Amino acid sequence: MGNPGPQFGYRHPLGRVQPCRGCTGERRRSLRKRKSSDLTAVLDVRNLSVAYRQSSGTLNHVVEKVDLKLFAGQVLGLAGESGSGKSTTALAAIGYKSSNVAITSGEALLGDRDLLVLPREDLRAIWGKEIAYVSQDSYGALSPATTIGHQFIQTIRRHFAISHADAVARCIELLRSVAIPDPESAVGRYSYEFSGGQLQRICIAMAMACKPRLLLLDEPTSGLDVTTQARISALIRELVSENNVATLYVSHDLALLRECSDELAVMYNGRVVEYGPTAAIVDRPQHPYTSALIRAVPSVRIPAKIEGISGQTPPSVVLGRCSFSDRCAYKREACEQTDIPDLLRNDGGVVKCLFPLKGQQARARIDTGRATGLSSTAPVLKVSNISCHYLFKKEPAVNNVSLTLRPKEIIGIVGESGSGKSTLLRAIAGLQPFSGSIEFDGEVLAASARKRSKIAKFGIQVIFQNPDTSLNPRHTIFDLIRRPLVLAREGKISRSDQHDIVVETMRSVSLPTSILDRYPSELSGGQKQRVAIARAFAPKPKVVLCDEITSALDVSVQAHVLQLLRDLSDKSGTAIVFVSHNLAVIRSLADKCMVMHLGKDIEQQPTEQLFNSPLQEYSRELLRAIPDLQCGDNENAFSPMRVSVKGEIN
Ligand code: SF4
């Protein structure tokens, strides 16, 4: 195909229009939509640097010389691990700064107004009207004390002189546009009467209430199940193009940004390390960090072993050398000796690396290496015809579900929120009354954990989703791991033996022994989840139950945790029941897979069989709903924009 010419070219973040060489078809289509008259950025962020003021009075620099441009009707994705500076950049770019934040350089131009120097009063007139913000925490964003309608009307009348009746009509129209059922009555309801997915859609509707020119989305779908996530992403995309609003979409989920964004900026250590058309960046990453980030994302289309990124993000901006050099497998001497300049990619993007990756080097994925044949040893766990009921609910939460699990085997249980997967896990753990039978190692288990034998109690361990609530904040890491170990043993163990076993357990989950005397609040999210894993594996259980344990972690930490579980299971022979709404995670980890829907086990197959030829229509719909980095330019590739999962919208 011929070169589309500079008038349709990709606009370089520093302002130069680059000819579009090697753009993907998808990108070319999106560029054609952007008429030459629209080439003025709605928000033009230049040379933005941000620091946090510390109690000692010194500045901790966290964002360094970032340039971003946001165009009408386009979505710019901002990706990176936790601590990469993406949320700080996004908030600073709209002029928001808390008392300990200092903008040390740059400008953020909304038209001819620099948001970084405008007084707070002027910013308040812009926020909500010209710039809207949607946060991850929709529960926290809406007041539980007033009705949804009241909060909409307050927002609308703050910026427009319209009557109460007109504001109510606008509110109903907005709620209808985001598919809230019965919007007329929804205006009189409170936030706690809606599901998580509905609340997030209400927040998006509220953000669009004043027809903003700029929309900032900060991880708006994290924590939601995959089909709700797909619906919300499709809704956002629709609203952006219908309202021609410039959008900055902050997320650690590269697969989601692959589907939702036109351009992608990858941040590391407070800098943009790669920037350009999304499809080009994801399909041909040139920065080793982008490539590593992509390899850490599990794929639902391709069975591949995911790899975490070794090492940690530096806590503050590194100057005078490449900040990724401590973690980079391609490092050379020159990388340590200078600040790294931006190099132009041949598709018009930029990459901050002296030795950009080429071709296969960038996208090599590793086979899962998992044995395909399942073990033929006797089952360690046998669940037969389990049903669970909740008070005041007619339909059972779990309805006649059976499964068997052999040593070393990992079963993945997937399904939307409310499908009964966590309830099933709680029943196996003895935390939820059930009818039916559960056998553990030949012993029929009582429904309540209290009535189970010591062997069964410690032989089945649970790891919960949120280590902040599952780890006692008053216990040190040493005590947290030591306690189940001591309780599970029959005889006494000397203090020095306890210490040795705890140290060995910590090493097995790659935790440094220097944190033994620390408390959970002093650790990162990934470290806390490792402590929870160490605690579960300390009494040498035969079965470990994992309930969405990676859903709050970013992709590279998630990759480490999944790798760790697989290694521990292989070494100790422990069988694992792994509940997740993320099918890609299940594909990278589990030997077999069960799909649950409305409390029922609708399909159970070896993992590869299920992913290659699902038997049930619901499983096929669920598979299609997942965004994936492996879509490429294939028009027929699965995409949440092309999918609707049938059933009640939650
Ligand atoms: S500049 Fe060197 S160390 Fe930094 S990412 Fe590139 S190859 Fe790796």
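Structural notes, computed from the coordinates.

The number of helices and strands found in the protein chain is 23 helices and 24 strands. Counting every position in the protein chain, which comprises 650 residues, the buried fraction comes to 57%. Put simply, 68% of the contacts in the protein chain that link residues at least 6 apart link residues at least 24 apart. Carbon and sulfur atoms make up 50% of the accessible area of the protein chain, which amounts to about 27600 Å² in all.

Note: strand S15 (residues 381–388) against strand S18 (residues 435–440), 5 bridges, orientation antiparallel. Paired with Leu381 across the strands is Phe440, a residue of S18. By the bridge criterion, 2 bridges tie S18 to strand S19 (residues 443–444) in an arrangement that is antiparallel. By the bridge assignment, Phe440 is partnered in S19 with Glu443. Taking the residues that link successive antiparallel strands as the turn, the S18-S19 hairpin has 2 residues, and the phi of Asp441 there is positive, at about 50°.

Time to look at the packing of helix H17 (residues 477–488) against helix H19 (residues 525–537). Where H17 meets H19, the closest approach of the two axes is 7 Å, and the angle between their N-to-C directions is 25°. When the axes of H17 and H19 are compared, the pair comes out roughly parallel. Crossing geometry of H17 relative to H19 is assigned as right-handed. Listed contacts from H19 to Ile477, Leu480, Ile481 and Pro484 of H17 are Val531, Ala534 and Arg535. Among the residues making up the contact of H17 with H19, the classes are represented as 6 nonpolar, no polar and 1 charged.

Interhelical geometry of H19 versus helix H20 (residues 555–572) gives an angle of 15° and a closest axis separation of 10 Å. What the angle tells us is that H19 and H20 run roughly parallel. The way H19 lies across H20 gives a crossing that is right-handed. Judged by residue contacts, Gly526, Arg530, Ile533 and Phe537 of H19 engage Val557, His560, Val561, Leu564, Leu565, Leu568 and Ser572 from H20. Tallied by class, residues from the contact of H19 with H20 come to 7 nonpolar, 3 polar and 1 charged.

Our next topic: the packing of aromatic side chains. Under the defined criterion, the tally for this structure stands at 5 aromatic pairs. Centre to centre, the rings of Tyr289 and Phe324 are 5.3 Å apart; their planes meet at 70°, and the pair counts as edge-to-face. Here Tyr289 is found in helix H12 (residues 288–295), whereas its partner Phe324 is found in the loop between H12 and strand S13 (343–344), with 35 residues between them in sequence. Of the two residues, Tyr289 and Phe324, neither departs from the other in class, the shared state being buried. Ring pairs connect the aromatic residues Tyr268, Tyr289 and Phe324, which therefore count as one cluster. One cation-aromatic arrangement involves Arg189 over Phe194; the distance from NZ or CZ to the ring centre is 4.3 Å.

Let's shift gears to the sheet that holds strand S24 (residues 600–606). Spatially, S20-S21-S22-S17-S23-S24 is the arrangement adopted by the 6 strands of the open sheet, whose pairing is mixed. Each of the sheet's edge strands pairs with one partner strand only, and the pair in question is strand S20 (460–463) and S24. Direction aside, the axes of adjacent strands within the sheet are offset by 15° on average. Taken together, the 4 bridges between strand S17 (residues 410–414) and strand S23 (residues 592–597) define a ladder with parallel strand orientation. Within S23, the residue paired with Ile411 across the bridge is Lys592. Contacts from helix H14 (residues 421–429) reach S17, S20, strand S21 (543–547), strand S22 (575–579) and S23 within the one sheet, and its direction differs from that of S21 by about 150°. Of the strands in this sheet, S20, S21 and S22 are in contact with H19, which crosses S20 at around 175°.

Before going further, it helps to spend a moment on the nonpolar core. One finds Phe152, Ile202, Ile533 and Phe578 to be the most contacted residues of the largest nonpolar core, which totals 113 residues. Apart from the residues lying within four places of it in its own chain, the contact partners of Ile533 are Ile463, Val509, Val561, Leu564, Leu565 and Leu568. Counting 36 residues, the second-largest nonpolar core is a separate cluster that includes Ala108, Leu123, Leu216 and Leu248.

As a further point, take the environment of Leu562. Residue position: Leu562 is located in helix H20. The exposure class of Leu562 is buried, given its relative accessible area of 3%. Once the C-alpha coordinates of Leu562 and Ser588 are considered, the two residues, 26 residues apart in sequence, prove to be 8.3 Å apart. Apart from residues no more than four positions distant in its own chain, Leu562 is found in contact with Ile306, Thr550, Phe578, Val585, Ser588 and Leu589.

Another point: the pairing of strand S6 (residues 101–110). Looking down a regular strand, the side chains alternate between one sheet face and the other. As paired elements, strand S3 (residues 43–53) and S6 share 8 bridges and run antiparallel to each other. The residue of S6 that forms the bridge with Val45 is Ala108. As judged from the 2 bridges shared by S6 and strand S7 (residues 113–114), these two strands associate in the antiparallel manner. In the strand pairing of S7, Leu110 is matched with Arg113.

About the thresholds
Residues numbered from 1 in each chain as written. Predicted model: local features only at pLDDT ≥ 70, side-chain atom pairs only at ≥ 80, totals over all residues. Heavy atoms only, no water. Helix = DSSP H or I, 4+ residues; strand = E, 2+ residues; numbered from the N terminus. Buried < 20%, exposed > 50% of the residue type's maximum accessible area, 1.4 Å probe, protein only. Contact = heavy atoms within 4.5 Å. Areas by Shrake-Rupley, 256 points an atom, 1.4 Å probe, with all protein chains shown as cover. Pairing = 2+ DSSP bridges. Axes fitted to C-alpha atoms, helices over the stretch in contact; angles between N-to-C directions. Parallel < 35°, antiparallel > 145°, perpendicular 65-115°, else oblique. Left-handed = near helix turned anticlockwise from the far one by under 90°. Nonpolar A, V, L, I, M, F, W, Y, C, P; charged D, E, K, R; others polar. Phe/Tyr/Trp six-rings, centres within 6.5 Å; stacked < 30°, edge-to-face > 60°. Lys NZ or Arg CZ within 6 Å of the ring centre and 35° of its normal. Core = buried A, V, L, I, M, F, W, Y, C linked by side-chain atoms within 4.5 Å.

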